[in-house]
Amino acid sequence: DSGIYFPSVKKDPGKYLLRCSESVKDWLRKLKNAGKVLLLITSSHSDYCRLLCEHILGEDFEEIFDMIITNALKPGFFTQTPQQRPFRTLVNDEEREPLPSLEQPGWYSQGNWNHLNELLKKITGKSEPKVVYFGDSMRSDIFPAHSYNNCETVLVLEELEVEASQQVTTDRKDSEPLEKKGKYEGKRQKMWPVLSEQWGSYFVDGVTGLEGEGETQVYTWCTNNINTYSTIAIPSLQAIADLPLDHKFPRFCPDKPRFTGYYPRPPAALVPRPSEPITQE
């Protein structure tokens with residue numbers, strides 16, 4: 001209840017937050033019913049997490065997830081040792097004593113990947129549990145989860161919604177039968193123009209030649225990171241919620257075109273025209 005921001009959100013969550021669609025909530029439930037272990041990991045404190053999730057997902061949101069980890073202090077959660085960042089229990093949203101290990105699912109605070117991974121081994125019965133991590137921050141989510149913990153990573157990238165190509169590539173058309181395609185692969189609502197007039201595309205940039213003549217298109221730093229550390233990139237969870245759980249996504253790969261890995265379609269700026277090649281920088 002301190003400051004301006006938190007009391008404002010607490011007083012009127014609907015003014016600041018959008019509720020999650022039923023299709024996304026159904027997708028989460030399908031994953032759990034299929035035997036997947038669902039984790040919610042956030043750097044927010046438990047009281048704020050509860051406020052957001054009750055409004056966005058509903059008051060039964062705790063039933064969706066097997067584990068909830070708050071105040072995770074990402075990216076440190078992925079890189080710190082158990083001694084540096086132990087898990088802590090919570091009592092009325094107050095952190096209690098550090099835990100020497102993680103023995104069972106539940107709601108915890110802080111923590112580290114090593115202890116979480118040991119618990120996942122115990123829950124799944126697998127020596128190397130396969131984790132798919134969804135996040136919207138390259139710094140806090142995607143880079144550390146991929147680089148330090150070998151997770152498959154799904155980057156939720158809202159810029160992709162804005163710059164998505166209006167055409168579905170031939171590979172995307174032929175990869176799945178029509179009944180298995182998500183609704184984002186059909187007709188789309190017209191997007192409002194939010195591309196920056198000053199900065200242009202998020203994915204490519206124009207570099208003027210020496211003496212101000214000519215312009216070469218180069219990949220941005222962000223695009224290079226997306227290709228290096230993400231398995232796939234999507235504009236939102238809504239984009240994949242209606243797909244069957246066995247849907248196969250083309251993934252980013254060094255020997256494939258840069259635009260492979262974006263779903264449901266690549267940004268128009270990354271699909272070069274024959275007369276406009278994009279160079280590596």
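Let me begin by describing the structure that accompanies this report. (Residues numbered from 1 in each chain as written. Predicted model: local features only at pLDDT ≥ 70, side-chain atom pairs only at ≥ 80, totals over all residues. Heavy atoms only, no water.)

## Comments concerning helix α3 (residues 46-56)
Put simply, the rule is: Burial classification: accessible surface area is computed with a 1.4 Å probe over protein chains only, and a residue below 20% of its type maximum counts as buried, one above 50% as exposed, and the rest as partly exposed. In this text, helices come from DSSP runs of H or I with a minimum length of four residues, and strands from runs of E with a minimum of two, each type numbered from the N-terminal end. Note on definitions: a residue-residue contact is assigned when non-hydrogen atoms from the two residues lie within 4.5 Å.
When we look at burial in α3, the residues that qualify are Ser46, Tyr48, Cys49, Leu52, Cys53 and His55. For α3, the secondary structure elements touched by its buried residues are α1 (5-11), β1 (39-41), β2 (67-70), β3 (87-91) and β5 (107-110). Backbone geometry just after α3 places glycine 58 at a positive phi near 110 degrees.

## What to know about the sheet that holds strand β7 (residues 152-156)
The condition that has to hold: Each pair of strands is called paired provided DSSP finds at least two bridges between the two strands. Note on method: axes are straight lines fitted to C-alpha atoms, helices fitted across the in-contact stretch only, with angles between N-to-C directions ranging 0 to 180 degrees.
Here three strands make up an open sheet; going across it, the order is β6-β7-β10 and the pairing parallel. Taken across any chain shown, the strands that pair with only one partner, and hence form the sheet edges, are β6 (132-135) and β10 (232-234). Direction aside, neighbouring strands of the sheet carry axes that sit 20 degrees apart on average. Two strands pair when backbone bridges link them, and β7 and β10 are joined in this way by three bridges, in the parallel orientation. What sits directly across from valine 156, in β10, is isoleucine 234.

## Here's the deal with the side chain of serine 201
The cut-off we apply is this: N or O atoms within 3.5 Å of each other form a polar contact, as long as, within protein, one can give a hydrogen and the other can take it, and as long as residues adjacent in sequence are counted only when both atoms are side-chain atoms.
Turning to its location among the elements, serine 201 is positioned in the loop between α8 (170-175) and β8 (204-208). Here the side chain of serine 201 touches valine 204 through a polar contact of 3.4 Å, landing on its backbone nitrogen.

## Some thoughts on helix α6 (residues 138-149)
Those residues of α6 that fall on the buried side of the exposure criterion are Met138, Ser140, Asp141, Ile142, Pro144, Ala145 and Asn149. Following α6 by one or two positions, asparagine 150 adopts a phi angle in the positive range, close to 55 degrees.

## Points about the packing of aromatic side chains
To keep things clear, this is the line we draw: Each Phe, Tyr or Trp ring (for Trp, its six-membered ring) is paired with any other whose centre lies within 6.5 Å, and the angle between the two planes then decides the class: stacked below 30 degrees, edge-to-face above 60, tilted in between. Charge-over-ring contacts are defined here by two conditions on Lys NZ or Arg CZ: a distance within 6 Å of the ring centre and an angle within 35 degrees of the ring normal.
Applying the stated rule across the entire model yields 17 aromatic pairs. Where phenylalanine 143 meets tyrosine 229, the ring centres are 4.9 Å apart and the plane angle is 90 degrees; that geometry is what we call edge-to-face. Within this pair, whereas phenylalanine 143 is found in helix α6, its partner tyrosine 229 is found in helix α9 (residues 221-229), the two being separated by 86 residues in sequence. Through a chain of ring-to-ring contacts, three or more aromatic side chains come together here, namely Phe77, Phe78, Phe87, Tyr108, Trp113 and Tyr133. The ring centre of tyrosine 219 lies 4.5 Å from the NZ or CZ of arginine 258, which sits over that ring.

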